[in-house]
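Descriptive structure summary
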Amino acid sequence: MAQSNNNSFFADVCNNFDNAAKHTSHPEGLLAQIKACNSVYRFQFPIRRGNSFEVIDAWRVEHSHHMSPTKGGIRYSDMVNEDEVMALAALMTYKCAIVNVPFGGAKGGICINPKNYTVAELETITRRYTTELIKKNFIGPGIDVPAPDYGSGEREMSWIADTYMTMNPGSLDALGCVTGKPIALHGIRGRKEATGRGVAYAVRECVNIVEDMTRIGLKAGLGDKKVIVQGLGNVGYHSAKYLTEFGATVVGLCEYEGAIYNENGLDVAEVFAHRTATGSILGFPGAKEFKNSKEGLEQPCDILVPAALENQITVENIRNIKAKIIAEGANGPCTPEAEAIFTEMGGIIIPDMYCNAGGVTVSYFEWLKNLSHVAFGRMENRYSANSNENLITTLENLTGKSVSAQQRSMLVKGASEVELVNSGLEDTMMNSYVEIIETMRAKPTIKTLRTAAFVSSIDKIAVSYMNLGIWP
Ligand code: GLU
């Protein structure tokens, strides 16, 4: 059985890596190089608060330089520590490899609870953090490109972009130094929703494989599936929204103040509005409620989407989970021991490195947009619409039949930026699932999707190192 080091998230990631590496034939030294964190930068800086100063602890970890730039979010949380940032940076490397995004993995952390700081203080912290990265060459469109993570969003990314641009005047590609920016600052449509939308595609791909669903005693398809989501942040909210759109029923939602459950379904937008108005998920009309949030995870459902933080599903609660599928919207929500037990129980875990890779996939599109200095669809949208219009008119003239105005407008329109982004994301999630499944089918000793995903990632990273000429 997989062993977890309860004190170290990075050790858990390495443990998963080692379990997968056994199914490859790469030299030991190469595997050690892939696994190692290449650069770990820990720094501290002061900020003024009223009449006193406070020292802020911060990190940026670049896990793998097999590709440049490195990529990954910045976490703003008072739980952040070096081990966690290293683990999350490593997961970014494997995540980028699994979805064929040409980046190495990185992650940043700022050890603060953002709720305890004013907006002006958060701006000071973010700008100073960015300046420290610039000083050490730890940020840049071709070096290391941060993005949002737990506790950060578009606002913080704007401050980072502005600080970087101020310090790099005249640099044409400066806007590509960070992704997850607002649209007005050359972000990309669909980025905010991307991780949750990607989770929904991942779940849809998983439940569409009839033989896998039959094995775990479920019908194929999302139509009859009941889902519980942990976390109503950006990832959880959008996962719940798109899973509902794709036909599933969200029956449970869990937040840190408690959990709610209604077997007939919950309207996620209404729950979100209720929480915004009252400050709590609890008290939502018609739902059963649990003061202990973890109890919410154990209610009846088919699919559980932990989309909050790591280490939520452990040996303590795994046996109480009723879901047959766990889709890891968060990074590292299931410990290796919990996964081993769940696999024995006949369940399927859709692993984080694939399941939540939608965010970095669309970050890649944003970075490409920033480097090309033109929005997707801008050059060809009108051209496609005009040629489609001509084609339809010609067909109508040739056949003597005509299409309705509604059909015409649907057939002629060119693709908008968000449509291209969503189709690129869907295609990525579909193809990567096939890659993982094919890896698993090719090696029957591989028992979990996580091991298969790791094997597929390791193989790709190994090829990069060989192409760099570092390994013969
Ligand atoms: N923080 C997100 C993640 O863990 C997004 C990273 C990115 O877009 O670079 O995948």
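Computed from a predicted model, the values in this text were never measured in an experiment.

A common way to express how large an interface is: the accessible area buried when the components associate. In terms of domain boundaries, the protein chain breaks down into domain 1 (39–184), domain 2 (194–355) and domain 3 (378–414). Taking the mean C-alpha position of each, domain 1 and domain 2 sit 29 Å from one another. Taken together, the contact between domain 1 and domain 2 spans eleven residues of the former and nine residues of the latter. When the two sides are added together, the surface that domain 1 and domain 2 hide from each other amounts to roughly 810 Å², 59% of it contributed by carbon and sulfur. A per-residue breakdown of the area domain 1 buries against domain 2 is headed by Leu91, Lys95 and Tyr150, which together make up 43% of the total. Applying the counting rule to domain 1 against domain 2 returns one salt bridge.

Let's shift gears to the site of the ligand. Contacts to the ligand come from 14 residues, most closely from Lys71, Lys95, Pro148, Asp149 and Ser363. Taking Lys95, its side chain carries an N or O atom lying 2.8 Å from an oxygen atom of the ligand. Arg191 is positioned such that a nitrogen or oxygen atom in its side chain is 3.0 Å from an oxygen atom of the ligand. Protein coverage of the free-state accessible area of the ligand, which is 290 Å², stands at 94%. Every element with two or more residues in the shell around the ligand is listed here: strand 3 (70–76), helix 3 (82–98), strand 5 (144–148) and helix 13 (358–372). Class assignment of the residues belonging to the shell around the ligand gives a composition of four nonpolar, five polar and five charged.

With respect to the secondary-structure elements, Ser280 resides in the loop between helix 9 (268–278) and strand 9 (288–290). The exposure class assigned to Ser280 is buried, which follows from its relative accessible area of 16%. Filtering out sequence-adjacent residues up to four positions away, Ser280 remains in contact with Glu257, His274 and Arg275.

The rules we used
Residues numbered from 1 in each chain as written. Predicted model: local features only at pLDDT ≥ 70, side-chain atom pairs only at ≥ 80, totals over all residues. Heavy atoms only, no water. Domains from an automatic or database assignment. Contact = heavy atoms within 4.5 Å. Buried area = accessible area lost by both parts, 1.4 Å probe. Salt bridge = Lys/Arg side-chain N within 4 Å of Asp/Glu carboxyl O. Near = heavy atom within 4 Å. Polar contact = N/O pair within 3.5 Å; in protein donor to acceptor, adjacent residues only side chain to side chain. Areas by Shrake-Rupley, 256 points an atom, 1.4 Å probe, with all protein chains shown as cover. Helix = DSSP H or I, 4+ residues; strand = E, 2+ residues; numbered from the N terminus. Nonpolar A, V, L, I, M, F, W, Y, C, P; charged D, E, K, R; others polar. Buried < 20%, exposed > 50% of the residue type's maximum accessible area, 1.4 Å probe, protein only.

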